[in-house]
Amino acid sequence: QVQLVESGGGLVQAGGSLKLSCAASGITFSVNAIGWYRQAPGEQRELVAYIRSTDSTRYADFVKGRFTISRDNAKNTVYLQMNSLKPEDTAVYYCNIKSRVGWNNDVSASWGQGTQVTVSS
């Protein structure tokens, strides 16, 4: 059974940093592309960044230069380093396995609980 557990969220002031972790189990982690997504209150869930098995990465325009996604296959974990945080980054952040190549929200696992990120102004 595939399980994805997000952690590392919290309350931070604008301009601060957080590092999120996504621990995966029940999959052959190293061959999968993993994405980080977020959902703000009243908004649809959106893709923030993803990393492929080749370690190539893509980012949403609104986080480019501020967020960095990385993976540690030995730990079955994907990270999202978030710097220069803005109040508009406030959301619940989720990770999931991408089921289709490219910039889309298609995923292949059930959504976990996510981790709350709150950025105060």
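The sections below set out a description of the structure shown in this document.

What counts and how
Residues numbered from 1 in each chain as written. Predicted model: local features only at pLDDT ≥ 70, side-chain atom pairs only at ≥ 80, totals over all residues. Heavy atoms only, no water. Pairing = 2+ DSSP bridges. Helix = DSSP H or I, 4+ residues; strand = E, 2+ residues; numbered from the N terminus. Axes fitted to C-alpha atoms, helices over the stretch in contact; angles between N-to-C directions. Salt bridge = Lys/Arg side-chain N within 4 Å of Asp/Glu carboxyl O. Disulfide = S-S within 2.5 Å. Buried < 20%, exposed > 50% of the residue type's maximum accessible area, 1.4 Å probe, protein only. Phe/Tyr/Trp six-rings, centres within 6.5 Å; stacked < 30°, edge-to-face > 60°. Lys NZ or Arg CZ within 6 Å of the ring centre and 35° of its normal.

## Things to note about the sheet that holds strand β2 (residues 10-13)
Item 1. Strand order across the open sheet formed by 6 strands is β2-β10-β9-β4-β5-β6, with mixed pairing between neighbours. Looking at strand neighbours, the two that pair on one side only are β2 and β6 (57-59), the edges of this open sheet. Taken pair by pair, the neighbouring strands of this sheet meet at an average axis angle of 25°, ignoring direction.

## Concerning the pattern of salt bridges
Item 1. Scanning the entire structure with this criterion turns up 5 salt bridges.
Item 2. One salt bridge connects Arg 100 with Asp 106, and the closest N-O pair in it is separated by 2.5 Å.
Item 3. Where salt bridges share partners, they join Arg 38, Glu 46, Arg 66 and Asp 89 into one cluster.

## Examining the sheet that holds strand β7 (residues 67-72)
Item 1. Taking strand neighbours across the sheet as the criterion, the 4 strands line up as β1-β3-β8-β7 in an open arrangement whose pairing is antiparallel. At either end of the open sheet lies a strand with only one pairing partner, and these are β1 (3-7) and β7. For this sheet, the mean inter-axis angle between neighbouring strands, taken without regard to orientation, is 15°.

## Considerations on the state of the cysteines
Item 1. Using the criterion set out here, one finds 1 disulfide in the structure.
Item 2. Disulfide pairing places Cys 22 opposite Cys 95 at an S-S distance of 2.1 Å. Residues Cys 22 and Cys 95 are joined by a disulfide whose S-S torsion is about 75°; by sign, that bridge is right-handed. Taken together, the positions of Cys 22 in strand β3 (residues 18-25) and Cys 95 in strand β9 (residues 91-97) put the pair 73 residues apart, joining distant regions of the chain. With respect to class, Cys 22 is no different from Cys 95; both count as buried.

## Considerations on the packing of aromatic side chains
Item 1. Enumeration according to the criterion identifies 3 aromatic pairs in this entry.
Item 2. Between Tyr 50 and Trp 103 the ring centres are 5.9 Å apart and the planes differ by 35°, which places this aromatic pair in the tilted class. Of this pair, Tyr 50 sits in strand β5 (residues 46-51) while Trp 103 sits in the loop between β9 and β10 (115-120), and the two are 53 residues apart along the sequence.
Item 3. Here Trp 103 falls in the partly exposed class, since its relative accessible area comes to 35%.
Item 4. For the pair Tyr 94 and Trp 111, a centre-to-centre distance of 5.7 Å together with 75° between the ring planes defines the contact as edge-to-face. Note that Tyr 94 is positioned in strand β9 and Trp 111 in the loop between β9 and β10, a separation of 17 residues in sequence.
Item 5. The cationic tip of Arg 45 hangs over the ring face of Trp 111; the distance from NZ or CZ to the ring centre is 3.9 Å.

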